[in-house]
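Summary of structural features
Below, each chain spelled out in residue letters.
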Amino acid sequence: MEVKVWNDKREREMYENFAELYAIIKATEKLEKAYVRDIISLSEYETECQKLIAHFKTLASTLKDNVPSIERFADTYKMDCPSAINRLVTSGVPATVEHCPAAAASATTSAAIVAECVQNFITAMDSLKLNMVAVDQVYPLLSDLFASLNKLGILPPDFEGKIKMKEWISRLSKMGAADELTEQQARQLHFDLESSYNSFMAALPNAGT
């Protein structure tokens, strides 16, 4: 006797998405453990983690009506994946970006990294001016900016731009990929970007001279 798990095509698709979400969370948990145990290179970890985060955000957006809480989903299926939940939901960026290893680069004050930071600041601000306010449009820009700021050794850990970008990335990670910033949120983000950019320029050696 054949047992039907679903009643129609839509329900079948939902359960298939559930299975994929389950697999992403489990894979992320294994990846985090491999990173902590130093059995995977930093570059391999970061590449794979970024892929998983991107897949997760797309899938979480698709399932937002059926899975309003990822934590509850994990509890329901007894997943016990705290590291994955932290990486996918709370942090939203790879640990290598979040914590920036001290040996990231020897020439951490190079003009190339400064130029990269400036470019990422301007790109993010211009995108908001063009009303590109969907999470899947804003998130990659802020993630790139945060990563480039972490490459620059002259910036302290409590640099305004790092703190604000990390807060925004964390906030966006809790939203669906298709969600959009409200007018007020977009205005605040642009203000934070502009303020951080001015602080960044002031922090550069010989700035303004």
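No experiment lies behind these values; they were computed from the predicted model shown. (Residues numbered from 1 in each chain as written. Predicted model: local features only at pLDDT ≥ 70, side-chain atom pairs only at ≥ 80, totals over all residues. Heavy atoms only, no water.)

This next bit is on the side chain of T96. Within the secondary structure, T96 is located in helix α5 (residues 95-99). The exposure class of T96 is buried, given its relative accessible area of 8%. Within the local environment of T96, its side chain forms a polar contact with the side chain of E46, the two groups lying 2.7 Å apart. (Helix = DSSP H or I, 4+ residues; strand = E, 2+ residues; numbered from the N terminus. Buried < 20%, exposed > 50% of the residue type's maximum accessible area, 1.4 Å probe, protein only. Polar contact = N/O pair within 3.5 Å; in protein donor to acceptor, adjacent residues only side chain to side chain.)

Take P156: it is sitting in the loop between α7 (135-151) and α8 (160-173). Spatially, the C-alpha atoms of P156 and Q137 are 28 Å apart, while their sequence positions differ by 19 residues.

Oppositely charged side chains can form a pair if their charged atoms are brought close together. Under the criterion given, the structure shown has seven salt bridges. Among the salt bridges present, the one from E16 reaches R12, with a minimum N-O distance of 3.2 Å. Here the residue E16 and the residue R12 both occupy positions in helix α1 (residues 9-36), the gap between them amounting to four residues, near one helical turn. Accessibility expressed as a relative area gives 42% for E16, which makes it partly exposed. The shortest N-O distance in the salt bridge between K51 and E48 comes to 3.7 Å. Here E48 and K51 lie together in helix α2 (residues 42-62), a separation of three residues that amounts to about one turn. (Salt bridge = Lys/Arg side-chain N within 4 Å of Asp/Glu carboxyl O.)

Looking now at helix α4 (residues 82-91). When we look at burial in α4, the residues that qualify are A84, I85, R87, L88, V89 and S91. Where α4 terminates, the next one or two residues include G92, which has phi positive at roughly 85°.

This part is about the state of the cysteines. Considering all chains together, one arrives at zero disulfides under this definition. No disulfide involves C81; its sulfur sits 14 Å from that of C49, the nearest cysteine. Judged by its relative accessible area of 5%, C81 is buried. (Disulfide = S-S within 2.5 Å.)

A few words now on the packing of aromatic side chains. Per the stated rule, a full pass over the model turns up six aromatic pairs. Arranged with centres 5.7 Å apart and planes meeting at 70°, the rings of F18 and F73 form a pair that is edge-to-face. Taken as a pair, F18 in helix α1 and F73 in helix α3 (residues 70-76) lie far apart in primary sequence, 55 residues in all. F18 gets classed as buried once you look at its relative accessible area, which sits at 13%. (Phe/Tyr/Trp six-rings, centres within 6.5 Å; stacked < 30°, edge-to-face > 60°.)

Segmentation of the protein chain into domains returns domain 1 (9-99) and domain 2 (103-202). Computed over C-alpha atoms, the centres of domain 1 and domain 2 are 23 Å apart. Contact residues are listed per partner, giving 13 residues for domain 1 and 17 residues for domain 2. Carbon and sulfur atoms make up 52% of the surface buried where domain 1 meets domain 2, a total of about 1100 Å² over both sides. Counting the contacts that link domain 1 with domain 2 gives one salt bridge. A salt bridge links D179 to K64; the nearest nitrogen and oxygen atoms lie 2.9 Å apart. At the junction of domain 1 and domain 2, the tally comes to six residue pairs in polar contact (both at pLDDT 80 or more). (Domains from an automatic or database assignment. Contact = heavy atoms within 4.5 Å. Buried area = accessible area lost by both parts, 1.4 Å probe.)

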